[in-house]
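Here's the letter readout for the chains.
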Amino acid sequence: MNRPTPEVPSGTHDDFSRVESWDDQRTENWVKNLELRAAGADQVRLRQEIVAIARLRAGQCAIEIGSGTGPLLRDMAPVVGPTGRIIGVEPQAGLARYSRERGIANLPNVEVRNERAIASTVAPRTADVCIAQTVLIHVPLPERGETVAKMIELTKLGGRVISADQDAESWVIDHPDRAMTRRITAFYVEQRFTDGWWARKSRGEFLRAGLKDVESRAIVVMATDPDSYEFQMAKQRANAAAQAGWISKDEATRWSGALDERAQAGQFFTTLNFYVTCGVKQ
């Protein structure tokens, strides 16, 4: 029997909309999960697509907003070379520290600043490219327009502004309980992000912000491995939905158990669409 969905604002259960409040355990868990995700073949391909659409060259400067543990910083560093510059802007202190100590420790052309995008100390018109990967979907709505405006401000004339995000409602997973899967998906779309539709809206938002030559590319991330980030996150979404009251704890347990059975039979399957949108500052 369906339970009523709680009447709470979108994004109420979005961890990444309030990263400043994380304790050490939450930070450690997300470091582990983000590094696991970054290692996935499709995530590597996504970052390659971002670098390609950025059209970075040796000697240029790239800024990443919400650089996390630093996988994209590491990928961009050799592209700009020793005469170039890469700057990460990361508001979560633990993620910034991990990135400095583990991710970019041996990359002298990369720096990470622990600050929010809209309060960044980077000088205007510093970047040839300014990128937000899996970030704007989490930014609280009153700040998102300010964040896009800040990205444009940080970019040189003729430079490129890029958003790469998942479209939450494109999440597909093979599971025998369709009704419960739809309820968990609804929680994921409405509550784990401040705006689960941001990715599909990004092209229009970039045009409204005055960027020119706006283009978008689609990347489908697929997972069939139960050791993958995507498998762990599927179960986490069910548990989070139960904690938030969207489904019961027993329903979450049964749903996760059925997913385990799929995985043990070699039948785990999930996909998620990512959209990379790029515009030029005129």
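The structure under discussion appears in the preceding block.
Residues numbered from 1 in each chain as written. Predicted model: local features only at pLDDT ≥ 70, side-chain atom pairs only at ≥ 80, totals over all residues. Heavy atoms only, no water.

Participant: Explain the packing of aromatic side chains to me, please; I cannot follow it from the model alone.
Facilitator: Within a pair of aromatic rings, the relevant descriptors are the distance that separates the centres and the angle that separates the planes. Following the criterion strictly, the structure yields seven aromatic pairs and no others. An angle of 70° between the planes, with centres 5.7 Å apart, marks the rings of F187 and W246 as edge-to-face. You can see F187 sitting in helix α6 (residues 178-191) and its partner W246 sitting in the loop between α8 (229-243) and α9 (249-264), a full 59 residues away along the chain. Seen from the ring of W171, R237 lies directly overhead, with NZ or CZ sitting 4.6 Å from the centre. Sitting over the ring of Y188, R237 keeps its end group 4.0 Å from the ring centre. (Phe/Tyr/Trp six-rings, centres within 6.5 Å; stacked < 30°, edge-to-face > 60°. Helix = DSSP H or I, 4+ residues; strand = E, 2+ residues; numbered from the N terminus. Lys NZ or Arg CZ within 6 Å of the ring centre and 35° of its normal.)

Participant: What am I meant to see in the pairing of strand β5 (residues 155-166) here?
Facilitator: Strand residues, when the strand is regular, have side chains that alternate between the two faces of the sheet. Burial analysis of β5 places nine of its twelve residues in the buried class, which makes it a mostly covered element. Note that strand β4 (residues 127-133) and β5 share six bridges and pair parallel. Directly across from A127, in β5, lies its bridge partner T155. For the handedness criterion, the β-α-β arrangement of β4, helix α5 (residues 141-154) and β5 is classed as right-handed. Alignment of β5 against strand β8 (residues 270-280), held across seven bridges, turns out to be antiparallel. By the bridge assignment, Q166 is partnered in β8 with F274. (Buried < 20%, exposed > 50% of the residue type's maximum accessible area, 1.4 Å probe, protein only. Pairing = 2+ DSSP bridges. Right-handed = clockwise from strand over helix to strand, strands pointing away.)

Participant: What is the right way to look at the layout of surface pockets in this model?
Facilitator: Using a probe with the size of a water molecule, rolled over the atoms, empty space left in the structure can be pinpointed. Approximately 900 Å³ is the volume found for the largest pocket. In this structure, the largest pocket is lined by 50 residues; those nearest its centre are F16, Q133, T134, V135 and H138. Broken down by element, the lining of the largest pocket gets its largest block of residues, five residues, from α8. Counted by class, the lining of the largest pocket contains 23 nonpolar, 15 polar and twelve charged residues. A volume near 360 Å³ is recorded for the second largest pocket. As for the second largest pocket, its lining consists of 16 residues, of which D15, R26, R192, Q236 and Q243 are closest to the centre. Counting only elements with at least two residues in the lining of the second largest pocket, the list comes to α1 (24-39) and α8. (1 Å grid on protein atoms, 1.4 Å probe; cavity = no way out; pocket = protein on both sides within 12 Å on 5 of 7 lines; lining within 4 Å. Points joined across faces, edges and corners; volume = space filled by probe spheres on them. Nonpolar A, V, L, I, M, F, W, Y, C, P; charged D, E, K, R; others polar.)

Participant: Even after reading the chapter, I still don't get the environment of V221, so can you show me in this structure?
Facilitator: Relative to the assigned elements, V221 resides in strand β7 (residues 212-223). On the basis of relative accessibility, which here comes to 4%, the residue V221 falls in the buried class. The sequence separation of V221 and R45 amounts to 176 residues, and the corresponding C-alpha distance is 9.0 Å. Not counting residues up to four positions away in its chain, the partners in contact with V221 are D42, Q43, E230, T270, T271, L272 and F274. (Contact = heavy atoms within 4.5 Å.)

Participant: Even after reading the chapter, I still don't get the nonpolar core, so can you show me in this structure?
Facilitator: Nonpolar side chains in soluble globular proteins tend to end up buried together. Grouped together as the largest cluster of nonpolar side chains are 74 residues, with contacts concentrated most on I63, I65, M76, I162, W171 and W255. Top element by residues in this core is α8. It accounts for six residues. If we ignore the near neighbours within four places in the chain, the residues touching I63 are I87, V89, V122, T126, A127, V129, C130, I131 and L154. Grouped together as the second largest cluster of nonpolar side chains are nine residues, V19, L34, L95 and Y98 included. (Core = buried A, V, L, I, M, F, W, Y, C linked by side-chain atoms within 4.5 Å.)

Participant: In this structure, what is going on with the side chain of S99? I would like to understand it.
Facilitator: By the secondary structure assignment, S99 is in helix α4 (residues 93-103). Beyond its immediate chain neighbours, meaning those up to four positions away, S99 contacts G68, T69, G70, L73, I104, A105 and V112.

Participant: Whenever I open this one, helix α3 (residues 71-80) confuses me. Can you help?
Facilitator: Given 3.6 residues to a turn, an α-helix orients residues that are three or four positions apart in the same direction. All of the buried residues in α3 are P71, L72, L73, M76, A77 and V80. Count one or two residues on from α3 and you reach G81, which has phi positive near 75°.

Participant: Honestly, the pairing of β4 in this entry has me stumped. Any pointers?
Facilitator: Burial analysis of β4 places seven of its seven residues in the buried class, the great majority of the element. Pairing analysis gives four bridges linking strand β1 (residues 61-65) to β4, with the strands arranged parallel. Across the sheet, E64 pairs through a bridge with I131, a residue of β4.

Participant: Help me out: how do you make sense of unusual backbone geometry in this one?
Facilitator: The phi angle of most residues is negative, glycine excepted, and most peptide bonds adopt the trans form. Phi at R55 takes a positive value of approximately 55°, unusual for a residue other than glycine. Within the element layout of this structure, R55 appears in the loop between α2 (41-54) and β1. Taking the relative accessible area as the measure of exposure, R55 reaches 48% and is therefore partly exposed. Positive phi outside glycine occurs at D213, with the angle close to 50°. For D213, the position within the fold is in strand β7. Judged by its relative accessible area of 59%, D213 falls in the exposed class.

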